Amino acid sequence: MRHQSPRVLLMAVLATCAFGVTGCMSVPERHPLPAALADQATVPGGVDARSWGDAPLRFADRWFELSVDEMRGRSEGIFGREHNYLAISGSGADGAFGAGLLCGWTSAGTRPEFTVVTGIGTGALIAPFAFLGSDYDRQLRRLFTTISTRDIIEQRSIYGTLTSDAASSSEPLRELLAELITEELVQAIAVEYQKGRQLMIGTTNLDASRPVHWNIGAIAASGDPGASDLIRQVVLASASVPAAFPPVFIEVEAGGATYDELHVDGGASAQIYIYPSGADWNRILKKLEVPGRPNVYLIRNSSFDARYEPIEGDIFSIVRRSLSSMIRRQGIGNMVEIYLIARRDNLDYHLAYIPIDFVQESKELFDPEYMRALFDTGFEAARRGYAWEKVPPGYK
């Protein structure tokens, strides 16, 4: 967690420990979705655009009933073609590595079109541009080489932290997403979705304590006037680290009434994902008449190697180091899980992550100098022909 701001993390710790002042907290009022309706809720407009990340794919049964001609008509961009899947993890400013790698991959001339792109956390910020291809590399470069902390968050005082829902306001990031996720970009996503390509973003539903996978293409193609705003909300939620950033309230409909759900960083459930482990992917590939062996590319915006770092005995140092260890181990577990899925489903596994020899320190939560150096590291490695790992770290 080289990039983490001590002040932001300390505020987050204080916020979660401040049970003694909950009576005077100023947090938004809620109309939460009842548990009995959790599996029935849809976003406004009735769009079927999400599923539980720990459950079978919702579309599968009815999708398998389509004829070959119907399948080809609905999936012209992925039917009978080579498949390439891209999954991008979170990790704040370290997303500069993945952004640089993608741009360097373009420069190398070997970057494929991705059939499926998934993103969590900072990976959710990268995913729409990675999905749409190299024409959007300029936006990736800008996002991860020119912004600073003040472009992402507005830090609150200690009192503000203890009397609200997070240590910081994410209003600057909300405004940045409104600038980046334009109506034109949403329409471009819709066009690709109608060819069969999939863009998925992961969040964590705090009410259910479960991962949610959002089909961004289905939202984009829905024709609903609020589609672009919903996409921005989902991306914001996926990047909202609990306690450090406010949760995102997402409006849903069920049983003829309107409710809200509370969503946060998809990394609270998993650091990276490709598709639910229970999916019958071989059947899907056969239905789509996919030739050869699909490729799955994983970009882990972190280093897997533990660093020996003696710490002070204060609460911040203890919490910071403990969270860093937990996230690192969770990330390795996710890599192993996807590797086992890839072996089962006969996918060609490729893994990229920040090299251990990148040792530059960040001076703030989003330090432009640090991110430029990390972007360049990913860019140069990919431009020269990235040496993708074929197994997860430590796996034999």
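The structure this text deals with has already been given above.
No experiment lies behind these values; they were computed from the predicted model shown.

Here we take up the packing of aromatic side chains. Per the counting criterion, the structure on display carries 12 aromatic pairs. Between Phe114 and Tyr297 the ring centres are 6.4 Å apart and the planes differ by 70°, which places this aromatic pair in the edge-to-face class. Here the residue Phe114 occupies a position in the loop between α4 (95–108) and β3 (116–120), and Tyr297 occupies one in strand β10 (residues 295–300), the gap between them amounting to 183 residues. In this pair, the class of Phe114 matches that of Tyr297, namely buried. Relative to Trp388, the ring of Tyr386 has its centre 5.1 Å away and its plane inclined at 65°; by these criteria the two rings are edge-to-face. Taken together, the ring pairs in this structure connect Trp105, Phe114, Tyr297, Tyr386 and Trp388 into an aromatic cluster. Across from the ring centre of Phe379, 5.5 Å away, lies the NZ or CZ of Arg141, which sits over that ring. The side chain of Arg283 reaches across the aromatic face of Phe64, ending 3.8 Å from its centre.

Here we come to helix α14 (residues 368–383). Taking 1.5 Å of rise per residue, the 16 residues of α14 would be expected to cover 22 Å, and the 22 Å separating its terminal C-alpha atoms lies within 8% of that figure. Within the span of α14, buried status applies to Pro368, Tyr370, Met371, Ala373, Leu374, Phe375, Gly378, Phe379, Ala381 and Ala382. Structurally, α14 contributes buried residues whose contacts are with α4 and α6 (137–145). The backbone nitrogen of Glu369 has a side-chain oxygen 3.1 Å away, supplied by the residue at the start of α14, namely Asp367.

This paragraph deals with the pairing of strand β7 (residues 210–215). Burial runs high along β7: 5 of the 6 residues are buried. Across 3 bridges, the pairing between strand β1 (residues 50–52) and β7 is antiparallel. Note on β7: the bridge partner recorded for Arg50 is Trp214. Alignment of strand β6 (residues 198–205) against β7, held across 6 bridges, turns out to be antiparallel. Bridging across to β7, Gly202 finds its partner in His213. Following β6, the chain reverses through 4 residues before pairing antiparallel with β7; Ser209 in that reversal takes a positive phi of roughly 55°.

Here we take up the nonpolar core. The biggest cluster of nonpolar side chains holds 75 residues, and the ones touching the most others in it are Leu86, Leu102, Trp214 and Ile216. The element best represented in this core is helix α5 (residues 122–132), accounting for 8 residues. Residue contacts for Trp214: discarding those within four places in its chain leaves Val43, Ala49, Arg50, Leu199, Met200, Ile201, Thr203, Ile219, Leu230, Val234, Ile250 and His263. Within the second largest apolar cluster, 32 residues are counted, among which are Val116, Ile272, Ile274 and Tyr275.

Assignment of secondary structure puts Arg300 in strand β10. In this structure, Arg300 is buried with no salt-bridge partner, the nearest side chain bearing the opposite charge being Asp94 at 7.9 Å. The residues contacting Arg300, other than those within four sequence positions of it, are Ser89, Gly90, Phe97, Gln271, Ile327, Gly331, Met335, Leu351, Ala352, Tyr353 and Ile354.

Our next topic: the side chain of Glu192. Inspection of the secondary structure puts Glu192 in helix α9 (residues 183–193). Setting aside anything within four residues of it in sequence, one finds Glu192 in contact with Glu113, Phe131, Leu132 and Arg197.

Calculation rules
Every chain begins its residue count from 1, and numbering advances along the sequence as written. Only residues with pLDDT of at least 70 get local features here, since the model is predicted, and only at 80 or more are side-chain atom pairs given and counted; chain-wide, interface and lining totals rely on the full set of residues. Hydrogen atoms and water are omitted, and side-chain values are computed over all heavy atoms in the structure. For Phe, Tyr and Trp, rings pair up if their centres lie within 6.5 Å, where Trp contributes its six-membered ring, and each pair is then called stacked (planes under 30 degrees apart), edge-to-face (over 60) or tilted (otherwise). Comment: elements are numbered from the N terminus, with helices defined as DSSP H or I runs of at least four residues and strands as E runs of at least two. Think of it in three bands: with a 1.4 Å probe and only protein chains considered, a residue is buried below 20% of the maximum accessible area for its type, exposed above 50%, and partly exposed in between. A positively charged side chain is recorded as over a ring if its NZ (Lys) or CZ (Arg) lies within 6 Å of the ring centre. The angle to the ring normal must also be within 35 degrees. A helix is expected to span 1.5 Å multiplied by its residue count minus one. Any two residues whose heavy atoms approach within 4.5 Å at even a single point are treated as in contact. Pairs of N or O atoms are called polar contacts if they sit within 3.5 Å, as long as, within protein, a hydrogen donor faces a hydrogen acceptor (for residues adjacent in sequence, only side-chain-to-side-chain pairs). Two strands are said to pair when DSSP picks up at least two bridges between them. Put simply, a nonpolar core is a bunch of buried Ala, Val, Leu, Ile, Met, Phe, Trp, Tyr and Cys residues held in one set by side-chain atoms that sit within 4.5 Å of each other. Positive charges come from Lys and Arg alone, negative charges from Asp and Glu alone, with His and the N- and C-terminal ends not counted. Basic side-chain nitrogens of Lys or Arg form a salt bridge, by our definition, when they fall within 4 Å of a carboxyl oxygen of Asp or Glu.

None of this, on its own, says anything about what the molecule does.
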